[in-house]
Amino acid sequence: MRSTHRTANGTGLRRWFGGGAAAVGGVGVLLVGAGGVHAADPGQAPYSASTSVGVHNAYLQSAFPYLADALDSGAGMIEIDVWTNFFGSGWRVGHNSPFTNENNCVGATTPDGLRTGDRDQNLAACLADLRTWHDANPGHRPILLKIEMKDGFADNLGRGPAAFDALVNDALGDALLRPADLTGGHPTLDAAVTADGWPSRDALAGKFLIHLIPGTVEEGNPLDNLWTDVEYGRHLRDLSASGNLGQAVAFPAVHGAEAGDDPRVDRYEESIRPWFVVFDGDAATFLGSVDTGWYTDRNYLLVMTDAHSVAPPISNTDPSEAEALERVNQLAAGGAAVASSDWTGLPSVLSTVVPH
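All chains use their own residue numbering, which begins from 1 and follows the written sequence. Totals for whole chains, interfaces and linings use every residue, but because this is a predicted model, local features are given only for residues with pLDDT of at least 70 and side-chain atom pairs only at 80 or more, for both listing and counting. The basis for the side-chain values is all heavy atoms of the structure; hydrogens and waters are excluded.

- An unreviewed UniProt entry lists the chain under the name Calcium-dependent phosphoinositide phospholipase C, with Streptomyces triticirhizae as the source organism.

**A few points about the pairing of strand β10 (residues 301-305)**
Thought 1: When accessible area is computed with a 1.4 Å probe and restricted to protein chains, residues below 20% of their type maximum are described as buried, those above 50% as exposed, and intermediate ones as partly exposed. Helix numbers and strand numbers start at the N terminus; a helix is a DSSP run of H or I with at least 4 residues, a strand a run of E with at least 2. With five of its five residues buried, β10 lies for the most part within the structure.
Thought 2: Along β10, one buried face is formed by L301, V303 and T305 and the opposite face, lined by L302 and M304, is buried too.
Thought 3: Pairing between two strands is assigned when DSSP locates at least 2 bridges connecting them. Of the pairings in the sheet, the one linking strand β9 (residues 278-282) to β10 comprises five bridges and is parallel in character. Residue pairing across strands places G281 opposite M304, the latter belonging to β10.
Thought 4: Pairing of β10 with strand β11 (residues 338-341), which is carried by two bridges, proceeds in the parallel orientation. Considered in β11, the bridge of M304 is made with A339.
Thought 5: At this point the chain moves from β10, through helix α11 (residues 321-333), to the parallel β11, and the crossover so formed is right-handed. By convention a crossover is right-handed if, when the strands point away from the viewer, the path from the first strand over the helix to the second runs clockwise.

**Things to note about the packing of helix α2 (residues 123-136) against helix α3 (residues 161-172)**
Thought 1: At a minimum axis distance of 8 Å, the contact between α2 and α3 shows a crossing angle of 30°. By the angle between their axes, α2 is roughly parallel relative to α3. Like other packed secondary-structure pairs, α2 and α3 cross with a definite hand, here right-handed. Counted together, L123, A124, L127, L130 and R131 of α2 and F164, L167, V168, A171 and L172 of α3 form the full contact between these two elements.
Thought 2: The classification used treats Ala, Val, Leu, Ile, Met, Phe, Trp, Tyr, Cys and Pro as nonpolar, Asp, Glu, Lys and Arg as charged, and all other residues, Gly among them, as polar. Per-class residue counts for the contact of α2 with α3 are nine nonpolar, no polar and one charged. All axes here are fitted lines through C-alpha atoms, helices being fitted over the stretch that makes contact, and every angle between N-to-C directions spans 0 to 180 degrees. What sets the label is the angle itself: under 35 degrees gives roughly parallel, over 145 gives roughly antiparallel, 65 to 115 gives roughly perpendicular, and the rest give oblique. For any pair of crossing helices, the crossing counts as left-handed if the nearer helix is rotated counterclockwise from the farther one by less than a right angle, and right-handed if it is rotated clockwise. Whether two residues are in contact is decided by their heavy atoms, any of which lying within 4.5 Å being enough.

Structural data, given as structure tokens:
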């Protein structure tokens, strides 16, 4: 499948707003009323300089009956957990199910099939649902797909970064914003976003973005010394060196909020640090002990999880609309690109976009 450098209206992605963070200008005035939080023109805000609302573990049937329901909810980010170990075949999608698939994906190939058929399918089926929904909703809002590799890649089983790229490319192809789309003429992702920033949300209409984090099992496995973030960071570095960066489909994320200087320095070898421009961690830590201005000044993408846990804590499943909107605004003021929780019953909140 081919990649694309054009938006729905034919404008080249590299001409998104011409000027990095300063191009945000006066965008950011919020009007708060009975209908929720609105901005003068949130679609013109750079993707990193505006806040959408994400859903944790949106692939679970307890969250949404079907993956299409998660996509229809208005959420700006949905999360999918993937298993690769030898206890089962293929790329499996589930939470506490390392052997089988437990999810709301059906592998639809037509829009009327998005809510029919057997669920509990593999990653390829989830990607098929995404593609079918995408084709039925041209120009949809940009959606960040957060993929937690629960037990990491398994290259020795044919489930490594290159195989992941091939699987995703086959399903989503030109529906993706890829690392190569963002780098343009720059040598690395870091050089690109610090110089030019991210496209606006309007420029990303009809696009999925993917970021990868190491999984809870992987991070807790003392025998695993090659985590998802490092493995995919090296993958991007090597693809770029060989002139094949266009094959990559995802952005590796620095997982876990961390106070102090650049967290990449102590975690990664120098050659892969510039391939990390997405940071994913706990909202309470980011807002409580981290200088988030360091990230926003450099146009990095901040994904803040467990939005409900920021003091004073609110419900992670059913806060009032006013509580949830106030929390989204609080995280937007702190520089979040995504405020994530489990607010599946609040579509008016899930569809909210707040410029910083």
